[in-house]
Amino acid sequence: MGAEPTLRPMTPLDLLHFNPCNLDHLTETYGIAFYLEYFTKWPHLCKVLESPNGQIEAYSNSNPLIFTLTSLTLGFLGNIVLGKLEASPYPAPVSPYDPSLTIYRKKWPNYLPWHAHITCLTVAPSARRLGHATRLSEALERVGDEADAWFVDLFVRVENEAAIQLYRKMGYSVYRRITDYYNDGSDAYDMRKPLKRDKKRKTVRPNGEMIKVDPSEVW
C-alpha cells in the first residue's frame, strides 16, 4: 500500500497546483478572488491533501457554522465538494416554516428554508467510479442533518446526463428547471434530496423538469 496523502494548511501557492481537481469541462470553477477570500477570513480552515510526490489531491476550505448564513467546503482524495448551509435572505412568509402548507406551494414556491447547498461536486478523472462522489455528498448531508436543515440541493446543467443520473441514484430529484442559468445560456436543474427533518418529503415534488423559473427567482 502506498504512502497516505499528507493533510496540511492550504496556501495561496496551492492555487497553482490543484488543477487535477478541476479538469472536467462541465465543472463550474471559481476565480482566484473566491479562494483568497477564504484564506483571508478562515485560514485555519483551509486544508489540502498532498501526495508523497507533491501533487495536490484534494483541498478543503470551510468556515464555522455560525449565524444564519454559513458555508462548508470538503475535499477528499482528488475530489471536491463545495457547499454551504443557508436560507433565503428574508424571514419565512409564514412562521414557523411548514412545507406542507398549501400557501407555500401556491404563493411562495421559490422560498428557500434552511437547507444545505452543494455548490460544486467534482471528482478527478483518475479517481472516478470509486464511490467518492457519494461519500462527499453524504458528508455534506450529515452536516445538513446536524444543522437541522430541510434538504440538500444542487444545480446541474441539463445536458450533463451522467451527473444527473448519478444524483438520481444518490436520492436526488429535479425540483425545478432554471432557464438561462449559466453564462452560455444553458439551463440548470435544481435537484433536491430531503434530509431527516423532512420526514414526509414535502420539500420535493414530482415532474420538476416541467416547472420552469427565471434565474431572478432563484437566490
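Residues numbered from 1 in each chain as written. Predicted model: local features only at pLDDT ≥ 70, side-chain atom pairs only at ≥ 80, totals over all residues. Heavy atoms only, no water.

As recorded by an unreviewed UniProt entry, the protein carries the name N-alpha-acetyltransferase 20 and is attributed to Saxophila tyrrhenica.

Glancing now at helix H4 (residues 161–169). For H4, the complete set of buried residues consists of Ala163, Ile164 and Tyr167. Summarising the axial view, the buried residues of H4 lie within an arc of 100 degrees, below the 170-degree limit, and thus occupy one face. Away from its buried face, by an angle of more than 90 degrees, H4 presents the exposed residues Glu161, Ala162 and Lys169. One or two positions beyond H4, positive phi appears at glycine 171, with a value near 105 degrees. (Buried < 20%, exposed > 50% of the residue type's maximum accessible area, 1.4 Å probe, protein only. Helix = DSSP H or I, 4+ residues; strand = E, 2+ residues; numbered from the N terminus. Arc of directions from axis to C-beta.)

For the rest of this paragraph, the subject is the environment of aspartate 148. Here aspartate 148 lies in the loop between helix H3 (132–146) and strand E7 (151–157). Aspartate 148 sits 49 residues away from arginine 197 along the chain, and the two C-alpha atoms are 6.3 Å apart. Residue contacts for aspartate 148: discarding those within four places in its chain leaves Trp114 and Arg197. (Contact = heavy atoms within 4.5 Å.)

Within the secondary structure layout, lysine 107 lies in the loop between helix H2 (102–106) and strand E6 (115–123). For lysine 107, a relative accessible area of 57% translates into the label exposed. Sequence separation between lysine 107 and proline 93 is 14 residues; the distance between their C-alpha atoms is 9.7 Å.

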